[in-house]
Amino acid sequence: EPEVTQTPSHQVTQMGQEVILRCVPISNHLYFYWYRQILGQKVEFLVSFYNNEISEKSEIFDDQFSVERPDGSNFTLKIRSTKLEDSAMYFCASSVGQPQHFGDGTRLSIL
Amino acid sequence: GESVGLHLPTLSVQEGDNSIINCAYSNSASDYFIWYKQESGKGPQFIIDIRSNMDKRQGQRVTVLLNKTVKHLSLQIAATQPGDSAVYFCAEMAGNMLTFGGGTRLMVKP
């Protein structure tokens, strides 16, 4: 069964550094999403992406965040200058319509 | 440091019994609802979904019930197995944004 894959599984970064989280969505999917889950908390929506543009974003997704689909297969989330509170699991998801299918996440640790 | 996490409600059931996990949703404009299962170290895994024009939907060993009057969603798992042990999240969708609930931990005793 096709699945969403995310790399790396764990990323450790110094505060203030830029980080790029990578996702390969399921190949025929058209909608792409990023979510985050702070340890022990709910999964929170960050952004949705369709037709090469952001279709919706939450309050969490501020100017420090950006997304890109650089080559038709990868979908990336960039955090420009990381803060301690960015430490979380970041999940990528993709869909044709619904439901959304999730990857296993990247654990981001900010030191 | 890390903020204090949510205390997850826990449902403990005997293997072979039926499980019922409940969820209250908040947005009366939500028109699509999903149950996800999350095992340790993994992403949310789709279980079953239901649209707001339905009140019940059945899958393999799972049933979702939707009560729009009281904004309540439930997941029933028949003949619960040890492999069902996980955290279960309901999620609601309005527009293109999926909003997750706080989750319930299901523990299955052999």
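What you see is a predicted model, and the numbers here were worked out from it, not measured in a lab. (Residues numbered from 1 in each chain as written. Chains lettered and ligands numbered in written order. Predicted model: local features only at pLDDT ≥ 70, side-chain atom pairs only at ≥ 80, totals over all residues. Heavy atoms only, no water.)

What follows deals with the overall build of chain B. Of the regular secondary structure elements, chain B holds 0 helices and 10 strands. If you list the helices and strands of chain B from N to C, you get β-β-β-β-β-β-β-β-β-β. If one aligns the C-alpha atoms of chain B with their principal axes, the spans along those axes are about 40 × 40 × 25 Å. The proportion of buried residues among the 110 residues of chain B is 41%. For chain B, long-range pairs separated by at least 24 residues make up 53% of all intrachain contacts whose partners lie at least 6 apart in sequence. (Helix = DSSP H or I, 4+ residues; strand = E, 2+ residues; numbered from the N terminus. Buried < 20%, exposed > 50% of the residue type's maximum accessible area, 1.4 Å probe, protein only. Contact = heavy atoms within 4.5 Å.)

A few words now on the overall build of chain A. For chain A, the helix and strand inventory stands at 0 helices and 11 strands. Starting at the N terminus and walking to the C terminus, you meet the elements of chain A as β-β-β-β-β-β-β-β-β-β-β. Here the C-alpha atoms of chain A give a radius of gyration of 13 Å, agreeing with the 13 Å that 2.2 N^0.38 yields for 111 residues. Dimensions of chain A, computed from C-alpha atoms along their principal axes, come out at roughly 35 × 25 × 25 Å. A fraction of 53% describes how many contacts in chain A between residues 6 or more apart in sequence connect residues 24 or more apart. A distance of 3 Å separates the average location of the 9 positive side-chain charges in chain A from that of its 14 negative side-chain charges. (Rg over C-alpha atoms; globule rule 2.2 N^0.38 Å. Lys, Arg positive; Asp, Glu negative; His and termini not counted. Charge placed at Lys NZ, Arg CZ, Asp CG, Glu CD.)

A word on the interface of chain A and chain B. If you look at the interface, chain A gives 21 residues, while chain B gives 25 residues. Of the roughly 1,900 Å² buried between chain A and chain B, counting both surfaces, carbon and sulfur atoms make up 55%. Note that Lys42 of chain B is salt-bridged to Asp104 of chain A, the shortest N-O span being 3.9 Å. Applying the counting rule to chain A against chain B returns 3 residue pairs in polar contact (both at pLDDT 80 or more). Elements represented by at least two residues in the side of chain A that touches chain B include exactly strand S4 (31-37), strand S5 (43-50) and strand S6 (53-57) of chain A. Class assignment for the residues of the side of chain A that touches chain B results in 9 nonpolar, 8 polar and 4 charged. (Buried area = accessible area lost by both parts, 1.4 Å probe. Salt bridge = Lys/Arg side-chain N within 4 Å of Asp/Glu carboxyl O. Polar contact = N/O pair within 3.5 Å; in protein donor to acceptor, adjacent residues only side chain to side chain. Nonpolar A, V, L, I, M, F, W, Y, C, P; charged D, E, K, R; others polar.)

Bringing the state of the cysteines into the picture now. All names here are of chain A. A full pass over the atoms with the stated rule returns 2 disulfides over all chains. Sulfur-sulfur distance for the disulfide between Cys23 and Cys92 comes to 2.0 Å. Residues Cys23 and Cys92 are joined through a disulfide that is left-handed, its torsion about the S-S bond being -65 degrees. Remark: Cys92 occurs in strand S9 (residues 88-95) and Cys23 occurs in strand S3 (residues 19-24); sequence separation between them is 69 residues. Of the two residues, Cys23 and Cys92, both sit in the buried class. (Disulfide = S-S within 2.5 Å.)

What follows deals with the nonpolar core. If you look at the biggest cluster of nonpolar residues, it comprises 23 residues, and the most contacted ones within it are Trp34, Leu46, Phe61, Val67, Phe75, Leu77 and Tyr90 of chain A. At the level of elements, S3, S4, S5, strand S7 (65-68), strand S8 (75-79), S9 and strand S11 (106-110) of chain A are the ones that each hand at least two residues to this core. Counting 19 residues, the second largest nonpolar core, distinct from the first, contains Phe33, Val64, Leu73 and Val108 of chain B. (Core = buried A, V, L, I, M, F, W, Y, C linked by side-chain atoms within 4.5 Å.)

On to the environment of Phe91 of chain A, then. Residues and elements named next belong to chain A. Mapped onto the secondary structure, Phe91 falls in strand S9. Relative accessible area serves as the criterion here: at 1%, Phe91 is assigned to the buried category. As a C-alpha pair, Phe91 and Glu44 span 47 residues in sequence and 9.5 Å in three-dimensional space.

Tracing the sequence through the fold places Asp104 of chain A in the loop between strand S10 (101-102) and S11. Each C-alpha atom of the pair Asp104 of chain A and Tyr90 of chain A lies 8.8 Å from the other, and the pair is 14 residues apart in sequence. Once you skip the residues sitting within four places of it in the chain, Asp104 of chain A turns out to touch Gln6, Met89 and Phe91 of chain A together with Gly41, Lys42 and Gly43 of chain B. A polar contact of 3.0 Å, which involves the side chain of Asp104 of chain A, links it to the backbone nitrogen of Gly43 of chain B.

Time to look at the pairing of S6 of chain A. Residues and elements named next belong to chain A. With 4 bridges joining them, S5 and S6 adopt antiparallel strand pairing. Bridging across to S6, Ser48 finds its partner in Glu56. Between S5 and S6, which follow one another and run antiparallel, lie 2 residues, and Asn51 among them has a positive phi close to 55 degrees. (Pairing = 2+ DSSP bridges.)

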